[in-house]
Amino acid sequence: MKRSLHALLLLGAFVVTPSLLAQRSFGGTPLGPKGSRIGLPEAPVMTLPSVDVETLRAEDAANAANGIKGPWRFGYQHFTDISMSTSGVWHTLPNGDRNWRVVLECRGAVSINFAFTEYVVPAGARVFAYNWHGDVLGGFTAESNPGRTQLGVAPLKGERIMVEYQEPAAVAGQGHLTIGKVTHGYRDASGAQRDLGDSGPCNVNVICPEGDDWRDQIRSVAHIIEGAGVCTGTLMNNCANDSTPYFLTAHHCHPADEDPATWVFRFNWDSPICDPTEQGPTDQTISGAEILAENPGTDMLFLELSAIPPVDFNVYYSGWDHT
């Protein structure tokens, strides 16, 4: 178990520096990048408080030296109340559709990610997040986190990002969004401390021959982005073989103030070739999970993801027995 869950964790959890973390989305195009040409008003900027990076890094170093377990922290999380009714700007288009936008700014940040603590998106509406480097996440719909009213959004690089909501005229007023958490990323959210290909002695590049005996199990591992930290875990099978997305991870991966409903689970983030190491795919993610069981004594946290990973993810459900 330790070998499959730890020694053979996805390469991306250690050595891949992402330019974009995508998650389950359903197409469309944000209007903001061409806003001045189509008459959109300038979106107001919500500037979050400054972050003491040196103090945070010192805390990280002390925790590592003392063997304190927890998610690998990459950011500082601000608790916010940024909603459609209190922030941003609305604009009605000539066809009656509506557009809401707001800019999130974390000065000096390497990346920004956030969570909708209220996420109600009616049929036909879409949500986007994008930066000034050309990276776009979305469009997110109700199906991006089916049956739930929260949604975590993966990091985008840079110190400023735009959040945009598009609402068809037929469902005007039915959407509700509140950004309740914004993470100021002060170091790489991949957990990478080295350059590509420069892994530690316990890190195995799973595409290399060392991974040949574990080809199926490798596809069950996911990299978890949980607010301001990252961890890993494994998709688990059940006796019915019905694809229920059970997910096993460590209890120490669950900070007291973090709700798995806003976590992002990314699959298959490993290099496509052994040497030289290359960036893996970043668009195979599921947002949200709920806790089914937990045991701090055995460091166990058992979840169910919000949705079954799509067929094109080609995931594997790892097996187990009661011994």
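Just above sits the structure.
Each value, and the rule that gives it
Residues numbered from 1 in each chain as written. Predicted model: local features only at pLDDT ≥ 70, side-chain atom pairs only at ≥ 80, totals over all residues. Heavy atoms only, no water. Helix = DSSP H or I, 4+ residues; strand = E, 2+ residues; numbered from the N terminus. Buried < 20%, exposed > 50% of the residue type's maximum accessible area, 1.4 Å probe, protein only. Contact = heavy atoms within 4.5 Å. Areas by Shrake-Rupley, 256 points an atom, 1.4 Å probe, with all protein chains shown as cover. Phe/Tyr/Trp six-rings, centres within 6.5 Å; stacked < 30°, edge-to-face > 60°. Lys NZ or Arg CZ within 6 Å of the ring centre and 35° of its normal. Pairing = 2+ DSSP bridges. Axes fitted to C-alpha atoms, helices over the stretch in contact; angles between N-to-C directions. Disulfide = S-S within 2.5 Å. 1 Å grid on protein atoms, 1.4 Å probe; cavity = no way out; pocket = protein on both sides within 12 Å on 5 of 7 lines; lining within 4 Å. Points joined across faces, edges and corners; volume = space filled by probe spheres on them. Nonpolar A, V, L, I, M, F, W, Y, C, P; charged D, E, K, R; others polar.

Description of the overall build of the protein chain
- Counting secondary structure elements, the protein chain contains 5 helices and 18 strands.
- The buried share among the 323 residues of the protein chain stands at 52%.
- For the protein chain, long-range pairs separated by at least 24 residues make up 77% of all intrachain contacts whose partners lie at least 6 apart in sequence.
- Carbon and sulfur atoms make up 52% of the accessible area of the protein chain, which amounts to about 14500 Å² in all.

So, the packing of aromatic side chains
- Evaluated as defined, the whole model comprises 6 aromatic pairs.
- Where Trp90 meets Tyr165, the ring centres are 6.1 Å apart and the plane angle is 85°; that geometry is what we call edge-to-face. Placement of Trp90 in strand S4 (residues 89-92) and of Tyr165 in strand S10 (residues 160-167) is noted, with a sequence separation of 75 residues between them.
- The exposure class of Trp90 is partly exposed, given its relative accessible area of 29%.
- The buried category is assigned to Tyr165, whose relative accessible area is 0%.
- Ring geometry for Phe116 versus Tyr119: centroids 5.6 Å apart, planes at 40°, classification tilted.
- Take Phe116: its relative accessible area is 0%, and that puts it in the buried class.
- Owing to a relative accessible area of 3%, Tyr119 belongs among the buried residues under this scheme.
- One aromatic cluster is present, built from ring pairs that chain together Phe114, Phe116 and Tyr119.
- The ring centre of Trp72 lies 3.9 Å from the NZ or CZ of Arg187, which sits over that ring.

Regarding the pairing of strand S7 (residues 126-131)
- With 5 of 6 residues buried, S7 lies mostly within the body of the structure.
- Relative to strand S8 (residues 136-140), S7 runs antiparallel, the two being bridged by 4 bridges. Along S8, the bridge assignment pairs Ala129 with Leu137.
- In this structure, the hairpin formed by S7 and S8 is closed by a connection of 4 residues, where Gly134 is found at a positive phi of approximately 90°.

Brief notes about the sheet that holds strand S9 (residues 151-157)
- Sheet architecture is open: 4 strands sit in the order S3-S11-S6-S9, paired in antiparallel fashion. The strands lining the two open edges of the sheet, one partner per strand, are strand S3 (75-83) and S9. Ignoring which end each strand starts from, the neighbouring axes of this sheet average 20° apart.
- Bridging between strand S6 (residues 111-120) and S9 involves 5 bridges; their strand directions are antiparallel. If you follow Phe116 over to S9, its bridge partner there is Leu151.

Things to note about the state of the cysteines
- For the structure on display, the rule yields 2 disulfides.
- Residue pairing for Cys208: its cysteine sulfur links by disulfide to Cys274, the two sulfurs lying 2.0 Å apart. Every disulfide takes its handedness from the sign of the S-S torsion; for Cys208 and Cys274 that torsion is 100°, giving right-handed. Of this pair, Cys208 sits in the loop between strand S11 (176-185) and helix H5 (215-218) while Cys274 sits in the loop between strand S15 (264-267) and strand S16 (285-287), and the two are 66 residues apart along the sequence.
- Its relative accessible area of 7% is what places Cys208 among the buried residues.

Digging into empty space enclosed by the protein
- For the structure shown, the criterion picks out 2 cavities of 30 Å³ or more.
- Computed from the structure, the largest cavity encloses a volume of approximately 80 Å³.
- Residue lining of the largest cavity: 13 residues in total, with Asn113, Phe114, Ala115, Gly227 and Thr262 positioned closest to the centre.
- Taken together, the elements giving at least two residues each to the lining of the largest cavity come down to S6, S9 and S11.
- For the lining of the largest cavity, the element with the highest residue contribution is S6, accounting for 3 residues.
- Each residue belonging to the lining of the largest cavity can be placed in one class, and the counts come to 5 nonpolar, 6 polar and 2 charged.

Considering the pairing of S10
- With 7 of 8 residues buried, S10 lies mostly within the body of the structure.
- As paired strands, strand S5 (residues 98-105) and S10 are joined by 8 bridges and run antiparallel to one another. Looking at S10, one finds that Val103 is bridged to Met162.
- Bridge count for S7 against S10 is 6 bridges, and the pairing is antiparallel. Its bridge partner lying in S10, Tyr130 is registered against Met162.

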